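# Topology and contacts: notes
Spelled out, the chains give:
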Amino acid sequence: MAERKATVERNTLETRITAAVNLDGTGTATLETGIPFLEHMLDQIARHGLIDLDINAKGDLHIDDHHTVEDIGITLGQAFARAVGDKKGIMRYGHAYCPLDEALSRVVIDFSGRPGLTFNVTFTRATVGGFDVDLFMEFFQGFVNHAQVTLHVDNLRGDNTHHQAETIFKAFGRAMRMALAEDPRMAGVTPSTKGVL
Ligand SMILES: [Mn+2]
């Protein structure tokens, strides 16, 4: 099986980002974004998705975190799209429920080739660790648009905002791990009756 790795560099007047992914990693993350809470979340994707992530972002944080968070989502989405390639042999669909104490989230992903995000989350607070929780949806929208995946994110319950966010990212990692897993019976086969994804 070919290595499923990609590195994408994306520079705009607002942000300069490099994102490297290895879909068959061991869950190590090297993160330099200037946004500690986002790094805590990206670390969950790596650890629970068994995906190696190396993300370096220099953004206009003197304005706020918005451009940097959205553009990390975009760049990471581009890296995933490139690393997953023609999607032959993958499970395509993945889902996971992850709890953290009182919080529970469900994430369902389909490497459909079509961008689509349903984000059904009501955070109990507006910020967590100094991070504006509105930006989580911006991150996932950027990711979905460029990875070309269908993604349903539901926070089913939770009182603590940190727990809500963390269960979403853990479930996202786990769902990704399932969707990207390869079944030897599907080797060389596109998991679609259309024959193309
Ligand atoms: Mn935590």
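Keep in mind that this is a model prediction, so the values were computed, not measured.

This part covers the sheet that holds strand E6 (residues 103-110). Backbone hydrogen bonds hold the strands of a sheet together, and the pairing may be parallel or antiparallel. What the four strands build is an open sheet, ordered E5-E6-E10-E7; its pairing is mixed. The open sheet has two edge strands, strand E5 (93-100) and strand E7 (116-120), and neither has a second partner. Averaged over all pairs of adjacent strands, the angle between their axes in this sheet comes to 10°, without regard to strand direction. Where helix H3 (residues 134-147) meets the sheet, it contacts E7 and strand E10 (150-157), and its direction lies at approximately 160° from that of E7. Along the sheet, helix H4 (residues 161-180) contacts E5, E6 and E10; its crossing angle with E5, the most-contacted strand, is approximately 150°.

Here we take up the pattern of salt bridges. Tallied over the full model, the rule gives eight salt bridges. In this structure, Arg-4 engages Asp-24 in a salt bridge whose closest nitrogen and oxygen atoms are separated by 2.8 Å. A residue pair is termed long-range when its members are at least 10 positions apart, and Arg-4 in the segment before strand E1 (5-11) and Asp-24 in the loop between strand E2 (15-22) and strand E3 (29-32) qualify at 20 residues. By relative accessible area, which is 7% here, Arg-4 ends up buried. Across the salt bridge formed by Asp-154 and Arg-106, the nearest N and O atoms sit 3.5 Å from each other. Residue Asp-154 is found in strand E10, and its partner Arg-106 is found in strand E6; the two are separated by 48 residues along the sequence. For Asp-154, a relative accessible area of 11% corresponds to the buried category. Salt bridges sharing common partners tie together Arg-4, Asp-24 and Glu-182.

Ordered in space as E1-E2-E4-E3, the four strands form an open sheet in which the pairing is mixed. Every other strand in the sheet has two partners, leaving E1 and E3 as the edge strands with one partner each. Strand-to-strand, the axes of this sheet are offset by a mean angle of 5°, without reference to chain direction. Taken together, the four bridges between E3 and strand E4 (residues 52-59) define a ladder with parallel strand orientation.

Coordination sphere of the manganese ion, protein contribution only: His-40 (NE2), His-162 (NE2) and Glu-166 (OE), at 1.9 to 2.2 Å. For the manganese ion, the donor residues sit on a single chain with the sequence spacing H-x121-H-x3-E. On the criterion of sequence distance, the pair formed by His-40 in helix H1 (residues 36-49) and His-162 in helix H4 is long-range, its members being 122 residues apart.

What counts and how
- Residues numbered from 1 in each chain as written.
- Predicted model: local features only at pLDDT ≥ 70, side-chain atom pairs only at ≥ 80, totals over all residues.
- Heavy atoms only, no water.
- Pairing = 2+ DSSP bridges.
- Helix = DSSP H or I, 4+ residues; strand = E, 2+ residues; numbered from the N terminus.
- Axes fitted to C-alpha atoms, helices over the stretch in contact; angles between N-to-C directions.
- Contact = heavy atoms within 4.5 Å.
- Salt bridge = Lys/Arg side-chain N within 4 Å of Asp/Glu carboxyl O.
- Buried < 20%, exposed > 50% of the residue type's maximum accessible area, 1.4 Å probe, protein only.
- Donors = N, O, S within 2.8 Å, 3.2 Å for Na, K, Ca; no water.

Function cannot be inferred from these measures alone, as they are strictly geometric.
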